[in-house]
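# Residue-level structural notes
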Amino acid sequence: MSQLDFQTATTVALGLATAYGISRLAKSGSRDPHLPPGPPTVPFLGNLASLPLENSYLKFTEWARTYGGVYSLKIRSETIIVVSSLDGVHEIMEKNGALTASRPDFAPIIKFSGPGRYLLFTPYGAQWRKFRKVVAELLKPSARQHFTSILVAEASQLLYETEKIPDKLYDHILRYTASAMFSVIAGQRIPQVTSPLCREFFHTWSMIADVCAPGHTPPVYRFRPLNSLLAPHFSTEDQIYKGKLIPKDSTVVLNIWGICHDPELFEDPETFNPDRFIGSQFGMKPEVEKETDSEVLKRWEGLMFGAGRRRCPASQISYDLLGHISASIFWAFELSPPLDEQGREKKLDPWAFECALTNNLHPFKLTIKPRSRRHMQVVKHNYAAATSTFEPFELELAEEDKVYVRNARQELEA
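Residues numbered from 1 in each chain as written. Predicted model: local features only at pLDDT ≥ 70, side-chain atom pairs only at ≥ 80, totals over all residues. Heavy atoms only, no water.

On to a negative patch on the surface, then. Residues E267, D268, E270, E287 and E291 make up a contiguous surface patch of negative charge. Topologically, E287 is positioned in helix α12 (residues 286–291). For E287, a relative accessible area of 42% gives the class partly exposed. (Patch = residues over 30% accessible without salt bridge, like charges linked within 9 Å, V, L, I, M, F, W, Y side chains within 5 Å. Areas by Shrake-Rupley, 256 points an atom, 1.4 Å probe, with all protein chains shown as cover. Salt bridge = Lys/Arg side-chain N within 4 Å of Asp/Glu carboxyl O. Lys, Arg positive; Asp, Glu negative; His and termini not counted. Charge placed at Lys NZ, Arg CZ, Asp CG, Glu CD. Helix = DSSP H or I, 4+ residues; strand = E, 2+ residues; numbered from the N terminus. Buried < 20%, exposed > 50% of the residue type's maximum accessible area, 1.4 Å probe, protein only.)

Here is the structure:
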């Protein structure tokens, strides 16, 4: 072969290889016709350029109204399946739960926290099953009865401190939440919102939320669910849903917001209307509840705690906690919107929250008035009587927390 022929052959080979490479790259962002439908893709990137950096749940919900309750997104060569319908939850996450029970690679969280630290992010497998079994044993119904006393005691502190400093209700609720969780899980309470353990807890949670980000009543849960998008699942085997492929190695996202605000399920879903639950277990349109299989409808209850084999094992404790604290606050206080300089009620902003791993309310103010002097006497009495309940959970408090507890009890005795 002459040098010219060799150069020509080499040029042709490189050209073909380049064309093949470009073709492969372009195809990496395209949607296979066997996948559920979804928004148009662009070469190389797929739908990457269309994904918003903030409040992605709103865009996911918008796409659900166009492409259906189960649709697909392409992020280069990766596939994301977005589930925004109760039927999709039932079929993909529940009936075929073993196929979607794993998690995608949460390497940043694992690097930050250490392997095996968080059940939420552990892939489905032997380690997860062992961890889950321990947690389920800890939180089984017979064991939950032992937690009731500490939850009631923590609520007594929240009510007492709310009466003293009503403008700090947000902080009081944060402390109560963290202390109740740590008391149940670790046997140690958190007596003040500035406790080192409390700061560490919320700092850690905010970091996890950054990595993952793209009242105890059904009306509140529907209108502003605890999570807009749940921590993603990962499909370990192919499955077929309504003739379309949910492929192995795809990320599966459960769009809670899209379901809770689905106009096909709920009349005027953007309106907070507790009356929709009068005479209706699920608050849905009568024809929906009549025509939909009861097993599918049940997926809506507790949906914010997950689906399938990844449903949160602490969901019932969360219901107990929220139910008790909501009833306690409304028993002790009259709550109303804050007043402006002219004494008129301010309108509360229903969008004053940040969507991350959970929907976090922005700090807020309310007009809080004790229902009566007698109510406050009962609150103080209950808080003082809770000392014996608190003490077993205070054995390893930080020094600053010990000082706080000591001063608080001296004040109660005064």
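Having seen the structure, we can now continue with the description.
Taking 1.5 Å per residue, twelve residues should reach 16 Å; helix α2 (residues 56–67) reaches 16 Å between its end C-alpha atoms and fits that length. Two residues or fewer past α2, G68 is found with a positive phi of approximately 110°. (Expected span 1.5 Å × (residues − 1).)

Below, the discussion takes up the nonpolar core. Of all hydrophobic cores here, the largest spans 26 residues; its most connected members are V83, L86, V89, L254, I259, M284 and W300. For this core, the elements supplying multiple residues, two or more each, are β2 (78–83), α3 (86–95), β6 (251–254), α11 (256–260) and α13 (294–297). Here this core takes four residues from α3, the largest share from any one element. Formed by 24 residues, the second largest nonpolar core is a distinct cluster that contains I329, F333, I368 and L412. (Core = buried A, V, L, I, M, F, W, Y, C linked by side-chain atoms within 4.5 Å.)

Take the environment of A408 next. With respect to the helices and strands, A408 occurs in helix α17 (residues 399–413). Classification of A408 by relative accessible area gives buried; the value is 16%. Separated by 24 residues in sequence, A408 and A384 have C-alpha atoms that sit 9.5 Å apart.

Considering all chains together, one arrives at eleven salt bridges under this definition. The partner of R175 in a salt bridge is E154, and the shortest N-O contact between them spans 2.9 Å. Of this pair, R175 sits in helix α8 (residues 169–186) while E154 sits in helix α7 (residues 148–164); the two residues are 21 residues apart in sequence, bridging distant segments of the chain. An identical accessibility class is assigned to R175 and E154; each is buried. In this structure, the salt-bridge partner of K164 is E411, at a minimum N-O distance of 3.0 Å. K164 sits in the partly exposed class, given a relative accessible area of 42%. With relative accessibility at 36%, the residue E411 sits in the partly exposed group. Through salt bridges with shared partners, one network takes in E154, E161, R175, R189, E394 and R409.

To continue, consider empty space enclosed by the protein. In this structure, the largest cavity encloses a volume near 70 Å³. Looking at the largest cavity, the residues that line it are Q157, R189, P191, Y383, T387, F390, Y404, V405, A408, R409 and L412. Per-element accounting of the lining of the largest cavity gives the leading share, five residues, to α17. Computed from the structure, the second largest cavity encloses a volume of approximately 30 Å³. Lining the second largest cavity, in full, are P166, D167, L169, Y170, F364, K365, L366 and I368. Along the lines of polarity and charge, the residues of the lining of the second largest cavity split into six nonpolar, no polar and two charged. (1 Å grid on protein atoms, 1.4 Å probe; cavity = no way out; pocket = protein on both sides within 12 Å on 5 of 7 lines; lining within 4 Å. Points joined across faces, edges and corners; volume = space filled by probe spheres on them. Nonpolar A, V, L, I, M, F, W, Y, C, P; charged D, E, K, R; others polar.)

This model, assessed by the stated rule, comprises six aromatic pairs. Relative to W63, the ring of F60 has its centre 6.1 Å away and its plane inclined at 25°; by these criteria the two rings are stacked. Placement of both F60 and W63 in helix α2 is noted, with a separation of three residues, approximately one turn of the helix. Grouping residues by exposure puts F60 and W63 together as buried. On the numbers, 6.3 Å between centres and 75° between planes, the contact of Y383 with F390 is edge-to-face. For the residue pair Y383 and F390, the accessibility class agrees, reading buried in each case. Cluster of aromatic residues (ring-pair linked, three or more members): F60, W63 and Y71. The ring of Y124 is capped by R129, whose NZ or CZ atom sits 5.4 Å from the centre of that ring. In this arrangement the basic side chain of R189 is found over the ring face of F390, its NZ or CZ atom lying 3.6 Å from the centre. (Phe/Tyr/Trp six-rings, centres within 6.5 Å; stacked < 30°, edge-to-face > 60°. Lys NZ or Arg CZ within 6 Å of the ring centre and 35° of its normal.)

Bringing unusual backbone geometry into the picture now. Despite not being glycine, D249 shows a phi value in the positive range, around 70°. Along the chain, D249 turns up in the loop between β5 (244–246) and β6. Even without a glycine there, the phi angle at D268 is positive, about 50°. Relative to the helices and strands, D268 resides in the loop between α11 and α12. Taking relative accessible area as the criterion, D268 reaches 45% and is therefore assigned partly exposed.

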